[in-house]
Amino acid sequence: MLRRTYLLGFVAFSVLVCAPARAQGSPLTLANGYHPGLNLAHYWVSEKYDGIRAHWTGQQLLSRQGIPIAAPAWFTHHWPSTALDGELWVGRGQFAAVQSTVAQGAADEADWRAVRYMVFDVPGHAGNLVQRQQQLQRSVRAIGQSWVQQAPQWQVTSHEALMRQLRSVSQQGAEGLMLRRADSPYRAGRSDDLIKLKLFDDAEAVVVAHLPGKGKYHGMTGALLVELPSGQRFKIGSGLSDADRANPPPVGSTITYRHNGSHPSGLPRFARYWRVRGEASAPTSSPDR
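A. Geometry of the overall build of the protein. Tallying secondary structure elements over the protein gives five helices and 14 strands in all. Here the contacts in the protein between residues at least 6 apart in sequence split such that 71% fall between residues at least 24 apart. As displayed, the protein offers around 14,000 Å² of accessible surface, 53% of which is attributable to carbon and sulfur atoms.

This is the structure in structure tokens:
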């Protein structure tokens, strides 16, 4: 049975002191996939928001890749001089909307009014997750803006309870769940400190060519030839709509695809196109603040 005990009331873990995490490239903690053997007693759970990961450095808002996000000046007004880690989010199933808003930068203020910054951690804090969440609560209260919200986190008692909740939130349109290890400091890089859990696997690949269609798709794109970070290439045709085939993701763009595990070779099983994974653009004129 799911025990939705919220994190702010929990103070049983001891203090862990370490230097603030830093890494070459992204200073953010990155997720591993869920796997058997995790001790769920050590983790807190939150919704996986279908948005744009955003790192507030204390001075500017950056994407996970370190590219400046040109939000309107009012959006980050009165934010703290300390770092925040969160997600720019419009709502469940609204990734395309937040992606479009971020890509346009500060120009379209009306669309930014719908964006929330769901904050789930404070990278510069030296304590464990519980202590960081207490600091985060204070920071969000001090900001005092309705679009800046602390992401709720809770505990589960078993793998079965976790899977039941995953199915429930997925049916309601959520992307999945995230698990954060409660007794660890904030550490940059990929580890089991952060775990992602979805009903399906997804990954990213770069489009390297458009392969011509046949039959009813003659004159359109039949499949995308894509490349993984490993350099391996494969074709994705499943999941492309007629509109995608008529106007496919451009060569050089990054797409997200869904799949069901991987072959021994490392290539995905039953890969199907999901969407273009856009990235924030660096400002081309004056900074937004």
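B. Spotlight on the packing of aromatic side chains. Taken as a whole and judged by the stated rule, the model has 10 aromatic pairs. Judged by centre distance (5.1 Å) and plane angle (80°), the rings of Trp56 and Trp79 are edge-to-face. One end of the pair, Trp56, is in strand 3 (residues 52-56); the other, Trp79, is in the loop between strand 4 (61-63) and strand 5 (84-89), with 23 residues separating them in the sequence. By relative accessible area, Trp56 is classed as buried at 3%. Note on Trp79: relative accessible area 8%, which makes it buried. Arranged with centres 5.0 Å apart and planes meeting at 65°, the rings of Phe75 and Trp112 form a pair that is edge-to-face.

C. Layout of the sheet that holds strand 5. Taken in spatial order, the five strands of this open sheet run 4-3-5-6-7, and their pairing is mixed. In this open sheet, the two edge strands, each paired with only one partner strand, are strand 4 and strand 7 (148-150). The sheet shows a mean angle of 35° between the axes of neighbouring strands, direction not considered. The sheet contact formed by strand 6 (residues 116-121) and strand 7 spans three bridges and is parallel. Along strand 7, the bridge assignment pairs Met118 with Gln149. Packed onto the sheet, helix 1 (residues 95-104) meets strand 3 and strand 5 and runs at close to 45° relative to strand 3.

Rules behind the numbers
Residues numbered from 1 in each chain as written. Predicted model: local features only at pLDDT ≥ 70, side-chain atom pairs only at ≥ 80, totals over all residues. Heavy atoms only, no water. Helix = DSSP H or I, 4+ residues; strand = E, 2+ residues; numbered from the N terminus. Contact = heavy atoms within 4.5 Å. Areas by Shrake-Rupley, 256 points an atom, 1.4 Å probe, with all protein chains shown as cover. Phe/Tyr/Trp six-rings, centres within 6.5 Å; stacked < 30°, edge-to-face > 60°. Buried < 20%, exposed > 50% of the residue type's maximum accessible area, 1.4 Å probe, protein only. Pairing = 2+ DSSP bridges. Axes fitted to C-alpha atoms, helices over the stretch in contact; angles between N-to-C directions.

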